[in-house]
Amino acid sequence: MKHQVIQRVVTYSPSPSLSCSHFAPQAPQVALASTAGGTERSESSSKLLRGVHISAQLLEDFLQLAGANTSNDLETCGVLGAFLKEGTFYATTLVVPKQESTSSSCLAVNEEEIFAIQNERSLFPVGWIHTHPSQSCFMSSIDLHSQYSYQVMVPEAIAIVLAPTDKTRSYGIFRLTDSGGMSVLRECREDGFHQHNDPSDRTPLYEDCSHVYINPNLRFEIFDLRR
């Protein structure tokens, strides 16, 4: 059975947004997210975290929404909202906010619109997603600071990087390491692109997530507030 797509225009003050509800096929398999060409998983601090379920179709749809920006070498970003049930997060809402983009950065504006949608649905800000239109799949210094702001609120928060021109790794699902990355970012007062010190415990600044599951049966909504 093919997944059904229902589209409706809703009014979100002060501007309209597009909401897409997807019903994935009722496949029984829920799988741990792969590293998509990344390195083999090492011992990860995320093994102690609650699971996060996300639909692979959400990633594909976001990449399609970002298509025009990607063609113009501009980043696109979105924010993930999830509900918590029996100790597991389910990412059911993606908000693509109004934003200012360059080839190597993306800044959400009018963030109160994001908060309104998440609050209305009692969702946790479980992470974010963005493109690297012409760069490889990695976390820049700016990305690390963005991730810190999510992870300090919700330890399970994830950063998804989609890099359509990277021939070796098209996407990654990352988080800051608890002992190393979080400590370094907590103390960093710089902005823009800059170098970070290596963690004192010699752990990496960030890692592939080992608590994220691809769930083909997960329903989700996308609100594109740029429209």
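Only a predicted model underlies this, so the values are computations on that prediction, with no experimental measurement involved. By convention here, each chain's residues receive numbers from 1 onward along its written sequence. Per-residue local features are limited, in this predicted model, to residues with pLDDT of at least 70; the limit for side-chain atom pairs, both in listing and counting, is 80 or more; totals at the level of whole chains, interfaces and linings are taken over all residues. Excluded from the side-chain calculation are hydrogens and water; included are all heavy atoms of the structure.

### Looking at the overall build of the chain
Inference 1: Looking only at helices and strands, the chain features 5 helices and 14 strands.
Inference 2: Three exposure classes are used, based on accessible area relative to the maximum for each residue type with a 1.4 Å probe and protein chains only: buried under 20%, partly exposed in between, and exposed over 50%. By the burial criterion, 50% of the 227 residues in the chain qualify as buried.
Inference 3: When the accessible surface of the chain is summed, it comes to about 11400 Å², and 52% of that surface belongs to carbon and sulfur atoms. Here a strand is any run of E in DSSP of at least two residues, a helix any run of H or I of at least four, and the numbering for each starts at the N terminus. Here the open area of atoms and residues is found with the Shrake-Rupley method and a 1.4 Å probe, where only the protein chains shown may cover a residue.

### Observations concerning helix 4 (residues 141–151)
Inference 1: Buried within helix 4 are the following residues: Ser141, Asp143, Leu144, Gln147, Tyr148, Tyr150 and Gln151. Looking down the long axis of helix 4, one finds its buried residues gathered within 165 degrees of arc, a one-sided arrangement.
Inference 2: Contacts are residue-level and defined by heavy atoms, with any inter-residue pair within 4.5 Å sufficient. Lining the buried residues of helix 4 we find strand 5 (77–85), strand 9 (124–131), strand 10 (158–162), strand 11 (171–176), helix 5 (181–187) and strand 12 (206–208). The reported arc concerns the directions from the helix axis to the C-beta atoms and nothing else.

### Some details on the pattern of salt bridges
Inference 1: By definition here, a salt bridge exists when the distance from a side-chain nitrogen of Lys or Arg to a carboxyl oxygen of Asp or Glu is within 4 Å. All chains considered together, the criterion is met by 8 salt bridges.
Inference 2: Among the salt bridges present, the one from Arg121 reaches Glu120, with a minimum N-O distance of 2.7 Å.
Inference 3: On the accessibility criterion, Arg121 (26% relative accessible area) is partly exposed.
Inference 4: Note on Glu120: relative accessible area 61%, which makes it exposed.
Inference 5: Of the charged contacts, one joins Glu221 and Arg121 as a salt bridge, the two residues approaching to 3.3 Å between their closest N and O atoms. Here Glu221, found in strand 14 (residues 220–224), pairs with Arg121, found in the loop between helix 3 (111–120) and strand 9; they are 100 residues apart in sequence, far enough to count as distant.
Inference 6: Through salt bridges that share partners, Glu120, Arg121 and Glu221 make up one connected network.

### Quick word on the confidence of the model for the chain
Inference 1: For every residue, the predictor reports its confidence as pLDDT, a number between 0 and 100. For the chain, the average pLDDT comes to 85, and 82% of its residues sit at 70 or higher.
Inference 2: Low pLDDT, under 50, characterises residues 1–27; the stretch is placed with 72 contacts to residues that sit more than four places away or in other chains.
Inference 3: Between residues 37–42, whose pLDDT stays under 50, and residues either more than four places distant or in other chains, the model counts 11 contacts.

### Side note on unusual backbone geometry
Most peptide bonds adopt trans geometry, and most residues besides glycine take a negative phi value.
Inference 1: Positive phi outside glycine occurs at Asn110, with the angle close to 55 degrees.
Inference 2: Residue Asn110 is classed as partly exposed on the basis of its relative accessible area, which comes to 35%.
Inference 3: Even without a glycine there, the phi angle at Ser122 is positive, about 55 degrees.
Inference 4: Mapping Ser122 onto the fold places it in the loop between helix 3 and strand 9.

### Considerations on the packing of aromatic side chains
Inference 1: Stacked, tilted and edge-to-face are the three classes applied to pairs of Phe, Tyr and Trp rings, where Trp contributes its six-membered ring and a pair requires centres within 6.5 Å; stacked means planes under 30 degrees apart, edge-to-face means over 60, and tilted covers the rest. The tally for this structure, following the rule as stated, stands at 4 aromatic pairs.
Inference 2: Arranged with centres 5.2 Å apart and planes meeting at 20 degrees, the rings of Phe83 and Tyr90 form a pair that is stacked.

### Here's the deal with the pairing of strand 9
Along any regular strand the residues' side chains alternate between the sheet's two faces.
Inference 1: Extensive coverage of strand 9 is indicated by the burial of 7 of its 8 residues.
Inference 2: Between any two strands, at least two bridges found by DSSP are needed for them to pair. As paired strands, strand 5 and strand 9 are joined by 6 bridges and run antiparallel to one another. Pairing of Cys77 across the sheet is with His130, part of strand 9.
Inference 3: Here strand 9 pairs with strand 10 via 5 bridges, running parallel. By the bridge assignment, Trp128 is partnered in strand 10 with Ala159.
Inference 4: Viewed with both strands pointing away, a crossover whose connecting path from the first strand over the helix to the second turns clockwise is right-handed. Regarding the hand of the β-α-β motif, the stretch spanning strand 9, helix 4 and strand 10 is right-handed.

### Describing the environment of Arg189
Inference 1: Position of Arg189 relative to the elements: it lies in the loop between helix 5 and strand 12.
Inference 2: Its relative accessible area of 68% is what places Arg189 among the exposed residues.
Inference 3: Spatially, the C-alpha atoms of Arg189 and His145 are 9.9 Å apart, while their sequence positions differ by 44 residues.

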